[in-house]
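As a plain string of letters, each chain reads:
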Amino acid sequence: MSVLWQTSNNLTAAADACAQRVLSLLEEAIAAEGFASFAVSGGSTPRPLFEKLAAAPMKWKQVHVFWVDERCVPPADPASNYKLANDYLIQRAHIPETHVHRIYGEINPEEAAKRYTQEIQDFFGLEEGELPQFDVVQRGMGPDAHTASLFPGSPLIDDREGIAGAIYAPQFQQWRVTLLPGVLLAAKQTVFLVSGADKAEMVRAVFQDAYEPQKYPAQIASRREAHAEWFLDRPAAALVDGTQA
């Protein structure tokens with residue numbers, strides 16, 4: 001795909017375009033491998049994406065769902081990324097429970113990261129030191145350019161060898177577990193869904209400023225050479241020109 005980003009009038013339209021691309025990528029993976037691995041993100045933005053995906057005719061019983069990151073809360077907590085995907089995608093699409101590989105946010109964060117790492121290693125059949133290649137990774141970006149739970153200045157941004165790590169986000173007074181940069185870089189395809197005028201300056205910086213992931217974590221695996229595509233609403237895209245970089 002030659003276009004790095006695509007702009008739509010609003011979040012609903014951007015989510016629809018993103019959903020169509022995700023469905024195409026998942027179908028390609030299923031055709032090639034018999035199954036697809038799909039890592040999803042949380043926050044408020046993905047809800048319309050999940051709703052559109054769940055409503056689509058798709059071989060959901062052949063899709064395995066993972067998480068890009070998770071807040072360290074119980075699975076029924078309104079802040080849980082698992083709960084968001086479970087309510088609006090997994091249950092509605094009838095994805096088998098055995099295909100749902102969640103992060104256990106209700107246990108000790110370091111233990112949750114180790115458990116998630118082991119789950120991923122077992123699923124992909126990885127040797128120690130190998131990184132997984134997810135078929136599709138869906139990510140977002142915060143107003144500070146964080147992505148996953150990789151925040152500006154985080155020491156985890158320099159980790160290219162690990163699979164998952166625990167991190168405390170003082171601005172939210174919350175522990176989180178996140179996939180690490182090496183995994184994001186190894187993904188076969190990444191799709192970003194970003195909405196809102198408060199993201200516009202960081203969208204511009206990610207595309208146009210020098211590569212400084214410690215300052216702009218969303219730059220990690222976010223450009224064409226990293227097999228990444230962005231789906232933006234007009235407010236988020238206000239400071240970038242045209243539809244491609």
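Residues numbered from 1 in each chain as written. Predicted model: local features only at pLDDT ≥ 70, side-chain atom pairs only at ≥ 80, totals over all residues. Heavy atoms only, no water.

Trainee: Go over the pairing of strand S6 (residues 164-169) with me, naming the residues and quoting the values.
Mentor: Along S6, 5 of the 6 residues are buried, which leaves the element largely enclosed by surrounding structure. Where S6 and strand S7 (residues 174-179) come together, 6 bridges link them in antiparallel fashion. Opposite Ala169, over in S7, you have Gln174 as the bridge partner. Two successive antiparallel strands, S6 and S7, enclose a turn made up of 4 residues, where Gln173 displays a positive phi of approximately 50 degrees. (Buried < 20%, exposed > 50% of the residue type's maximum accessible area, 1.4 Å probe, protein only. Helix = DSSP H or I, 4+ residues; strand = E, 2+ residues; numbered from the N terminus. Pairing = 2+ DSSP bridges.)

Trainee: An account of the layout of surface pockets is needed here, citing residue identities and associated values.
Mentor: Considering only enclosed or pocket space, the largest pocket measures out at about 370 Å³ in volume. Lining the largest pocket are 22 residues, with Gly42, Gly43, Met141, Gly142 and His146 sitting closest to its centre. Along the lines of polarity and charge, the residues of the lining of the largest pocket split into 6 nonpolar, 11 polar and 5 charged. (1 Å grid on protein atoms, 1.4 Å probe; cavity = no way out; pocket = protein on both sides within 12 Å on 5 of 7 lines; lining within 4 Å. Points joined across faces, edges and corners; volume = space filled by probe spheres on them. Nonpolar A, V, L, I, M, F, W, Y, C, P; charged D, E, K, R; others polar.)

Trainee: Any chance you could break down the packing of helix H2 (residues 46-55) against helix H3 (residues 81-93) for me, citing the residues and the numbers?
Mentor: Running from N to C, H2 and H3 cross one another at 5 degrees; their axes reach a closest spacing of 8 Å. Between H2 and H3, the angle falls in the class roughly parallel. Where H2 abuts H3, its residues Pro46, Arg47, Phe50, Glu51, Leu53 and Ala54 lie against Leu84, Ala85, Tyr88, Leu89, Arg92 and Ala93. The residue makeup of the contact of H2 with H3, split by class, is 9 nonpolar, no polar and 3 charged. (Axes fitted to C-alpha atoms, helices over the stretch in contact; angles between N-to-C directions. Parallel < 35°, antiparallel > 145°, perpendicular 65-115°, else oblique. Contact = heavy atoms within 4.5 Å.)

Purely geometric numbers; function is a separate question.
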